[in-house]
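What follows is each chain in one-letter form.
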Amino acid sequence: MATPTVHDVIRAIEKIARRDPGGRGLAAHAPFDTLDPAARTLLDGERIVIVTGFCIRAVLAGETDGPPGALDIADALQQLGKHVVLVTDEYSAPLLAAGAAVAGLKTPIVQIDLPQDNADRAIDNLLGEFAPTHVLAIERPGNAADGHRYSMHGEILDDLIPGADRLLDPPEPRKFTSLAVGDGGNELGLGSLRAQLGGRITHGELIFSATVADHVVPAGISNWGGYALAAALSLLSGKPLLRSPAQERRVVEAMVAAGAVDGCTRERVLSVDGLPWDDYARTLEDIFSHAGGQQA
């Protein structure tokens, strides 16, 4: 039997990250073979902006899906010598800060705030000063076709969460590569899947993001997509860049202590998208094992 190539292993990791415990349908029906090219373009990057954070209206708190995956990617990129900036809002900034402290990261965190004009100015300033080579969105609400940002249940979030679409679609000609990770279709950057999958997602015609990204990494849970990207970067670079599942637990525990909630249950507990930690972590363990089982 032939030895699997790096591409073969990355494909296997992509399949694992696409497990769909919530039955949303996005990960199952989206085009495959997207993880490898996304990781390869990040490997060539120099300055990367990562935007995340999804506020749950019922409890006015950021969720446990998104920020951990953002930190996984940031950690891997910084170990490779890349410059990284995290962007989020008031509800998820404390979560990123708490998780970064546990992970030992000193990644700058830029907070964008309402009103939208203020957020737009902050985004324009960041793009002008940082001059990113890549911008990546993971589990961040994106503008739908009607200009509103929606939860999976069809709730309008405009009054809570400033739009960050300008990061992927700036008013000036774009000089960087854009990427997106998502699990439900309403996330920033998933617009390229709208025509194909809008009808397969609950409320999809309403909530699906209209903003596109050059590379889209669908996942059953967005954190799994972030962890998979970090694993692919590790394999492509030949360096152990991935935090172990035990380290991941400590990061998410810190975020919960800082106020994070499960986006499905809306409870401040150690779970992600309705999955108790042990069930959620099995996928992390499988990805970690496929990546060689060597932690950063």
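Note that the structure is a prediction, hence the values are computed from the model and not measured.

### Description of the overall build of the protein
Right, so step 1: Helices and strands together make up the secondary structure of the protein, namely 12 helices and 10 strands.
Right, so step 2: Over its C-alpha trace the protein gives a radius of gyration of 17 Å, about what one expects of a compact globule, namely 19 Å for 296 residues.
Right, so step 3: Counting only C-alpha atoms, the protein reaches 55 × 40 × 40 Å along its principal axes.
Right, so step 4: Buried residues in the protein amount to 57% of all 296 residues.
Right, so step 5: Once the 25 positive and 39 negative side-chain charges of the protein are each reduced to a mean point, those two points are 3 Å apart.

### Section: the pairing of strand β6 (residues 134–138)
The side chains of a regular strand alternate, first on one face of the sheet and then on the other.
Right, so step 1: Counting buried residues in β6 gives five out of five residues, a clear majority hidden from the surface.
Right, so step 2: Because side chains alternate across β6, one face comprises the buried residues H134, L136 and I138, and the other comprises V135 and A137, equally buried.
Right, so step 3: Both strand β1 (residues 47–52) and β6 contribute to a ladder of five bridges, which runs parallel. When the sheet's bridge partners are listed, V51 is paired in β6 with A137.
Right, so step 4: With five bridges joining them, β6 and strand β7 (residues 177–182) adopt parallel strand pairing. Pairing of V135 across the sheet is with S178, part of β7.

### Looking at the pattern of salt bridges
Side chains that differ in sign of charge can pair as their charged atoms come close.
Right, so step 1: With the rule as written, the count across this model stands at 17 salt bridges.
Right, so step 2: For D89, the salt bridge identified is with R140, shortest N-O distance 2.5 Å. You can see D89 sitting in the loop between β4 (83–88) and α5 (93–103) and its partner R140 sitting in the loop between β6 and α7 (165–168), a full 51 residues away along the chain.
Right, so step 3: When salt bridges with common partners are traced through the structure, they connect D72, D75, R243 and E248 into a single cluster.

### Considerations on the nonpolar core
Right, so step 1: If you look at the biggest cluster of nonpolar residues, it comprises 54 residues, and the most contacted ones within it are L42, I50, L136, L229 and I287.
Right, so step 2: Sort the elements by how many residues they give to this core and helix α10 (residues 222–237) lands first, with eight residues.
Right, so step 3: Dropping the residues within four chain positions of it, L42 is found in contact with I48, I73, L77, K82, H134, L136, L179, L229 and L233.
Right, so step 4: If you look at the next biggest cluster of nonpolar residues, it comprises 27 residues, including V85, L188, I201 and F208.

### Things to note about the sheet that holds strand β5 (residues 109–111)
Right, so step 1: As summarised here, the arrangement of the six strands in space is β5-β4-β1-β6-β7-β8, forming an open sheet in which the pairing is parallel. Edge positions in the sheet fall to β5 and β8 (215–218), since each has one partner strand and no second. Direction aside, neighbouring strands of the sheet carry axes that sit 20° apart on average.
Right, so step 2: Here α10 sits on the sheet in contact with β6 and β7, set at roughly 130° to β7.

### What to know about the packing of aromatic side chains
Right, so step 1: Per the stated rule, a full pass over the model turns up two aromatic pairs.
Right, so step 2: Judged by centre distance (5.8 Å) and plane angle (20°), the ring pair of W224 and Y280 falls under stacked. A residue pair is termed long-range when its members are at least 10 positions apart, and W224 in helix α10 and Y280 in helix α12 (residues 277–290) qualify at 56 residues. Neither W224 nor Y280 differs from the other in exposure class; each is buried.

### What about the packing of helix α1 (residues 6–17) against α12?
Right, so step 1: At a minimum axis distance of 10 Å, the contact between α1 and α12 shows a crossing angle of 180°. As the angle between them shows, α1 and α12 are arranged roughly antiparallel. Within the contact between the two elements, α1 uses V9, A12, I13, I16 and A17 and α12 uses T283, D286, I287 and H290.
Right, so step 2: Looking at the contact of α1 with α12, its residues break down into six nonpolar, two polar and one charged.

### Digging into the packing of α10 against α12
Right, so step 1: Where α10 contacts α12, the axes come no closer than 10 Å and their chain directions differ by 10°. Relative to α12, the element α10 lies roughly parallel. Side by side, α10 and α12 meet where N223, W224, Y227, A228, A231 and L235 of the first sit next to Y280, T283, L284, I287, F288 and H290 of the second.
Right, so step 2: Residues that form the contact of α10 with α12 fall into these classes: nine nonpolar, three polar and no charged.

### Side note on the environment of S289
Right, so step 1: Position of S289 among the secondary structure elements: in helix α12.
Right, so step 2: By relative accessible area, which is 51% here, S289 ends up exposed.
Right, so step 3: For S289 and S244, which are 45 residues apart along the polypeptide, the C-alpha to C-alpha distance reads 9.5 Å.

Procedures and definitions
- Residues numbered from 1 in each chain as written.
- Predicted model: local features only at pLDDT ≥ 70, side-chain atom pairs only at ≥ 80, totals over all residues.
- Heavy atoms only, no water.
- Helix = DSSP H or I, 4+ residues; strand = E, 2+ residues; numbered from the N terminus.
- Rg over C-alpha atoms; globule rule 2.2 N^0.38 Å.
- Buried < 20%, exposed > 50% of the residue type's maximum accessible area, 1.4 Å probe, protein only.
- Lys, Arg positive; Asp, Glu negative; His and termini not counted.
- Charge placed at Lys NZ, Arg CZ, Asp CG, Glu CD.
- Pairing = 2+ DSSP bridges.
- Salt bridge = Lys/Arg side-chain N within 4 Å of Asp/Glu carboxyl O.
- Core = buried A, V, L, I, M, F, W, Y, C linked by side-chain atoms within 4.5 Å.
- Contact = heavy atoms within 4.5 Å.
- Axes fitted to C-alpha atoms, helices over the stretch in contact; angles between N-to-C directions.
- Phe/Tyr/Trp six-rings, centres within 6.5 Å; stacked < 30°, edge-to-face > 60°.
- Parallel < 35°, antiparallel > 145°, perpendicular 65-115°, else oblique.
- Nonpolar A, V, L, I, M, F, W, Y, C, P; charged D, E, K, R; others polar.

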